[in-house]
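What the coordinates show
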Amino acid sequence: MTTWMFHFFAKLSRMKYIDRWGLMHNTRKENLSEHSFESAVLAHALAVLRNERFGGGVSPERAALLALFHDATEIITGDMPTPVKYYNGALRKAYAEVEAVARGRLLALLPADLQPVYDPLLSEGRTGSPEDQALIPLVKAADKLSALIKCVEERRMGNTEFVQAEAAMRESLRQMALPEVACFLSEFLPSYSLSLDEQE
């Protein structure tokens, strides 16, 4: 009997080797695994806020799952600095094409019968159901919130390198005009500026 070997999950485990914020001085490095976990927690929280406070009917579990995989293609592409990735329309389009190739390469590491299950996850819901597509703004907001939290934590440690990035993240989140995000920013974000003792 022939046993086939598939590399998808072993490849995903390499997310811990991909550092974020490569152009910035960091007081503590952050890797892609950490960011993906935090984004998943935040996407879940935003979905819960939508359901409990704004009459939504979305799945917090599905939001968390989409967020958990949202940057998986960076295992192949690496973490492209935001100023480069979004410099102009041509670069944005080229990077989208690179991401599409990376998604295809990751999917090819799975058996054929599992590929349709993981395709929407690697596509951040874009190739999934209408329910998945409705979660895309929450996943994007969670991604930005995770970046904002990193900026706040770096500033708290006395690192001024992230001051402009923090202002840009706050503005980007404001422009999303999501009430769930406004709730998180006012009720939960301030705690990230506190010491452990102050959080008690």
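Summing up its helical and strand segments, the protein chain has 10 helices and 0 strands in all. Along the protein chain, helices (α) and strands (β) appear in the sequence α-α-α-α-α-α-α-α-α-α when read from the amino end. Compactness check: the protein chain gives a C-alpha radius of gyration of 18 Å against a globular reference of 16 Å for 200 residues, within 12% of the reference. A principal-axis box enclosing the C-alpha atoms of the protein chain has dimensions of 60 × 40 × 40 Å. Across the 200 residues of the protein chain, 40% fall into the buried class. Pairs at least 24 residues apart make up 66% of the contacts formed inside the protein chain by residues separated by at least 6 positions. Carbon and sulfur atoms form 58% of the exposed surface of the protein chain, whose accessible area is close to 11200 Å². The distance from the centre of the 22 positive side-chain charges to the centre of the 27 negative ones in the protein chain is 5 Å.

Our next topic: the layout of surface pockets. When its volume is computed, the second largest pocket comes out at roughly 160 Å³. Contributing to the lining of the second largest pocket are T27, R28, K150, E153, E154, R156, M157, Y192, L194 and Q199. Classifying every residue of the lining of the second largest pocket by side-chain character gives 3 nonpolar, 2 polar and 5 charged.

Here we come to a nonpolar patch on the surface. On the surface, F37, V41 and L68 cluster together to form a nonpolar patch covering roughly 290 Å² of accessible area. Relative to the assigned elements, V41 resides in helix α2 (residues 32–53).

Inspection of the secondary structure puts E30 in the loop between α1 (8–12) and α2. Within the local environment of E30, its side chain forms a polar contact with the side chain of W21, the two groups lying 3.1 Å apart. Not counting residues within four places of it along the chain, the set of residues in contact with E30 comprises I18, D19, R20, W21, H35, E38, S146 and K150.

In this structure, F8 and L46 are the most contacted members of the largest nonpolar core, which totals 47 residues. Put simply, the parts of the chain that give this core at least two residues each are α1, α2, α3 (60–69), α6 (89–107), α7 (115–122), α8 (130–156), α9 (163–176) and α10 (179–187). The element contributing the most residues to this core is α8, with 11 residues. Non-local contacts of F8, meaning those with residues more than four positions away in its chain, are made with F69, L106, L109, L110, Y118 and L122.

Residues of the protein chain with pLDDT of at least 70 account for 94%, and the chain-wide mean is 91. Here helix α5 (residues 82–85) is the element of the protein chain with the lowest mean pLDDT, 61, and α2 is the one with the highest, 98.

Criteria and cut-off values
- Each residue is numbered by its place in its chain's sequence as written, counting from 1.
- Local features in this predicted model are restricted to residues whose pLDDT is 70 or higher, and side-chain atom pairs enter the listing and the counts only when it is 80 or higher, whereas totals over whole chains, interfaces and linings include all residues.
- No hydrogens and no water enter the side-chain calculation; it runs on all heavy atoms of the structure.
- Secondary structure elements follow DSSP: runs of H or I of four or more residues count as helices, runs of E of two or more count as strands, with numbering from the N terminus.
- Our radius of gyration looks at C-alpha atoms and nothing else; its globule reference is 2.2 Å times the residue count to the power 0.38.
- Under the scheme applied here, a residue whose accessible area is under 20% of the maximum for its type counts as buried, over 50% as exposed, and between as partly exposed, the area being computed with a 1.4 Å probe on protein chains only.
- Any two residues whose heavy atoms approach within 4.5 Å at even a single point are treated as in contact.
- With residues, only the protein chains shown are counted as cover, and all accessible areas are computed by Shrake-Rupley using a 1.4 Å probe.
- Counted as positive: Lys and Arg. Counted as negative: Asp and Glu, with His and the chain ends omitted from the count.
- For charged residues, the charge sits on one atom: NZ in Lys, CZ in Arg, CG in Asp, CD in Glu.
- Any residue with an atom within 4 Å of a point lines the site, the site being either a cavity, points on a 1 Å grid over the protein atoms alone where a 1.4 Å probe fits but cannot get out, or a pocket, an open set with protein on both sides within 12 Å along at least 5 of 7 lines.
- Grid points are joined across faces, edges and corners, and a volume is the space filled by probe spheres set on the points.
- Gly falls in the polar group here, along with every residue not listed as nonpolar (Ala, Val, Leu, Ile, Met, Phe, Trp, Tyr, Cys, Pro) or charged (Asp, Glu, Lys, Arg).
- The patches reported here contain residues having more than 30% relative accessible area and no salt bridge. Joining distances are 9 Å for like charges and 5 Å for nonpolar side chains (Val, Leu, Ile, Met, Phe, Trp, Tyr).
- Any carboxyl oxygen of Asp or Glu within 4 Å of a side-chain nitrogen of Lys or Arg constitutes a salt bridge here.
- Pairs of N or O atoms within 3.5 Å make up the polar contacts considered here, provided that, within protein, one atom can donate a hydrogen while the other can accept it, and that residues adjacent in sequence are counted only when both atoms are side-chain atoms.
- Nonpolar core, defined: a set of buried Ala, Val, Leu, Ile, Met, Phe, Trp, Tyr and Cys residues in which side-chain atoms within 4.5 Å join the residues together.
- A residue's pLDDT is the predictor's confidence in that residue, given on a scale from 0 to 100.

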